[in-house]
Each structure stands twice: as C-alpha cells, then as structure tokens.
Amino acid sequence: MPIAAALIAAGYATGDYDLQINRHISNYDDVPAPSRLYQFPIEYFSPNLDGIEGLYLSHPGLADFPFVKRVSEAIGLPIDARAEDEFGRPFCDLAEWWHAVDLMDDKNWRHLMDTQHLTTRDDLLNALSFHLETGDIKTSTARTILGMLGQLEPIDRSVTAILGDGISPWLINIGGNGKPVKCPKDWALNVKRFDNAAWMLIHGIEDGWLHMPKSKHLSLTAKAVSARAEMQIGQY
C-alpha cells in the first residue's frame, strides 16, 4: 500500500491534498513543550518531490518519540532520518530552529536546555538574541543560558558592538497602518548575527543603550543615538 494511502487509512491525514500541502504529520496529543518540532515530528515526501515516496523524521533525535512509534506501527513502516531535503539542504535545519526559537522564553527555557540535542548551539544563540529583542526573556535568564552554553561575557560590556556594526539601526517612520509616523522615535536595531549578539543586547539594556518601547521591540535610547552620531556610525 502506498504510504499516503496508509496514512489516510490510519487517520493521520485527511487526503492526498492534505499531505501534498502540509507535508508534516501533525501531533496534537503528545507535546511535552510548545515546540513545532514536537508538533510536526514527521515529514511526508510525495513521489513528486524526488521520485520516491517517503516518511522521515523531522530530527533523528525523535526516533523514540511515542507519537513517531505509534504512526510507524499504525502504517507498518519504519520512519527514518534523512540527510538532505529535495534541494540538497540539511534536512533538520528548519526543525532545529523551530525548537530553539519556540522554547526560548522564561517559561520553557529549562526544557529547551535539557533537549539541546534537538537543536544547535548557533540556533540557541540566535533564538536568545531574537527573544531579548522582543522582551520574551529576562536578562537574568539570558545570562544563565549563556553561562550554560559557555559563551563568555565580553570585557568591554559590548560597547564596541553597540557603537559599531553589531547593529544597523533604522528609524521606524511608518506605522502599523502603513501611514507615516508624525514624530518617529523608535529604531529597528537590525541585529547582526554573531555569537555575542545576546550579550550585546543584555549589556545594551543594562547600561542604558537600549530600551523597550510600547512597540515591544528593543530600540535605541537617546544616549545610544547621540553616541553613534558623535562617532559618525551609520544609522538611517
């Protein structure tokens, strides 16, 4: 029996169209934390993608996940890991990012750090800086995570990065309604991706270079704007 037919017969898909569009087999009942990696642990490949119908783990670390075992038993087929997607990219890249960015907050970070094998160090660092920008994680928690990752604190308290190319600020002069803002004052930081980006944001908050406006996205303070202007650092 084709894999698609077996999944439909077992109730894991509503039809061929569902599988073609969604590709992932949805897990609604066995999610230990709100990570899309847990919610979509299996990916379906139709013959249209690379000529061979297949069912693959979103991450090799989910081989013993209860939902994966139930699906495998229901259709009578193994669900294996895959090295690359149909474009030749690492198969797990997106799922590893999902896990890091979905769980990097004050509620779920401990589970995330206990399941680091399901993501990467780079994804953890990038997710941490992302959620510091949006205020979803406290600086004290971020400090603990960086310590667990062995990411040493810059001795200059990130002044070089804050006043240099660690950010490329852009003044936000268009509102959410698409209309010009009369008195723009919030800045999009455009944080550079580098290992110490999270430290830079922590120091920026602690030392008064950055603040959280009503828009709930970190912005430059007047102190930072003035200092960057004096140094003739690019900001737009």
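First, a word on what this report is: a plain description of the structure on this page. (Residues numbered from 1 in each chain as written. Predicted model: local features only at pLDDT ≥ 70, side-chain atom pairs only at ≥ 80, totals over all residues. Heavy atoms only, no water.)

**Thoughts on helix H12 (residues 222–230)**
Okay, so step 1: Looking only at H12, the buried set comprises Ala224, Ala227 and Arg228. One side of H12 holds all its buried residues, which, seen down the axis, span an arc of 95°. In this structure, H12 carries Ala222 and Glu230 as exposed residues pointing more than 90 degrees from its buried face.
Okay, so step 2: Residues of H12 that are buried make contact with helix H10 (159–162) and strand E7 (219–220). (Buried < 20%, exposed > 50% of the residue type's maximum accessible area, 1.4 Å probe, protein only. Helix = DSSP H or I, 4+ residues; strand = E, 2+ residues; numbered from the N terminus. Arc of directions from axis to C-beta. Contact = heavy atoms within 4.5 Å.)

**Brief notes about the pattern of salt bridges**
Okay, so step 1: Counted under the stated rule, the structure contains ten salt bridges.
Okay, so step 2: Between arginine 157 and glutamate 153 there is a salt bridge, and its shortest N-O distance comes to 3.5 Å.
Okay, so step 3: Taking the relative accessible area as the measure of exposure, arginine 157 reaches 26% and is therefore partly exposed.
Okay, so step 4: Glutamate 153 sits in the partly exposed class, given a relative accessible area of 32%.
Okay, so step 5: Between arginine 157 and aspartate 207 there is a salt bridge, and its shortest N-O distance comes to 2.7 Å. Taken together, the residues span a long stretch of sequence, with arginine 157 in the loop between helix H9 (139–149) and H10 and aspartate 207 in the loop between helix H11 (197–206) and strand E6 (210–211) at a distance of 50 residues. (Salt bridge = Lys/Arg side-chain N within 4 Å of Asp/Glu carboxyl O.)

**Section: the pairing of strand E2 (residues 42–45)**
Okay, so step 1: Covered by surrounding structure in E2 are Ile42 and Tyr44 together with Glu43 and Phe45, the residues of both alternating faces.
Okay, so step 2: With two bridges connecting them, strand E1 (residues 24–25) and E2 associate as antiparallel partners. Its bridge partner being in E2, histidine 24 is matched across the sheet by glutamate 43.
Okay, so step 3: Summarising the sheet, E2 and strand E3 (residues 54–57) pair through four bridges and their orientation is antiparallel. Bridging from a neighbouring strand, tyrosine 44 pairs with leucine 55 of E3. (Pairing = 2+ DSSP bridges.)

**Some words on the sheet that holds E3**
For sheets, the rule is that strands pair by backbone hydrogen bonds, running either parallel or antiparallel.
Okay, so step 1: Read from one edge of the open sheet, three strands run E1-E2-E3, paired in antiparallel fashion. The sheet terminates laterally at E1 and E3, the two strands that pair on one side only.

**A word on the environment of phenylalanine 194**
Okay, so step 1: Structurally, phenylalanine 194 is set in the loop between strand E5 (187–188) and H11.
Okay, so step 2: A relative accessible area of 24% means that phenylalanine 194 is categorised as partly exposed.
Okay, so step 3: Once the C-alpha coordinates of phenylalanine 194 and serine 129 are considered, the two residues, 65 residues apart in sequence, prove to be 9.7 Å apart.
Okay, so step 4: Setting aside residues no more than four positions away along its own chain, phenylalanine 194 makes contact with Ala161, Gly166 and Met200.

**A closer look at the nonpolar core**
Okay, so step 1: Leu7, Leu55 and Leu128 are the most contacted members of the largest nonpolar core, which has 60 residues in total.
Okay, so step 2: The leading source of residues in this core is H11, at six residues.
Okay, so step 3: If we skip the residues at most four places from it in the chain, leucine 128 touches Met104, Ile137, Ala142, Ile145, Leu146 and Ala198. (Core = buried A, V, L, I, M, F, W, Y, C linked by side-chain atoms within 4.5 Å.)

**Describing unusual backbone geometry**
Okay, so step 1: Unusually for a residue other than glycine, arginine 157 sits at a positive phi of about 50°.
Okay, so step 2: In this model, serine 158 sits at a positive phi of 65°, which is unusual for a non-glycine residue.
Okay, so step 3: Its place among the elements puts serine 158 in the loop between H9 and H10.
Okay, so step 4: You can call serine 158 buried: its relative accessible area is 4%.

**A few points about the packing of aromatic side chains**
Okay, so step 1: As enumerated under the stated definition, the model contains six aromatic pairs in all.
Okay, so step 2: Three or more aromatic residues joined by ring pairs make a cluster, and in this case those are Phe45, Tyr56 and Phe91.
Okay, so step 3: The positively charged end of arginine 23 is found above the aromatic ring belonging to phenylalanine 45, 4.9 Å away from the centroid.
Okay, so step 4: For arginine 82, the ring lying beneath its charged end belongs to tyrosine 56, and the centroid distance is 4.9 Å. (Phe/Tyr/Trp six-rings, centres within 6.5 Å; stacked < 30°, edge-to-face > 60°. Lys NZ or Arg CZ within 6 Å of the ring centre and 35° of its normal.)

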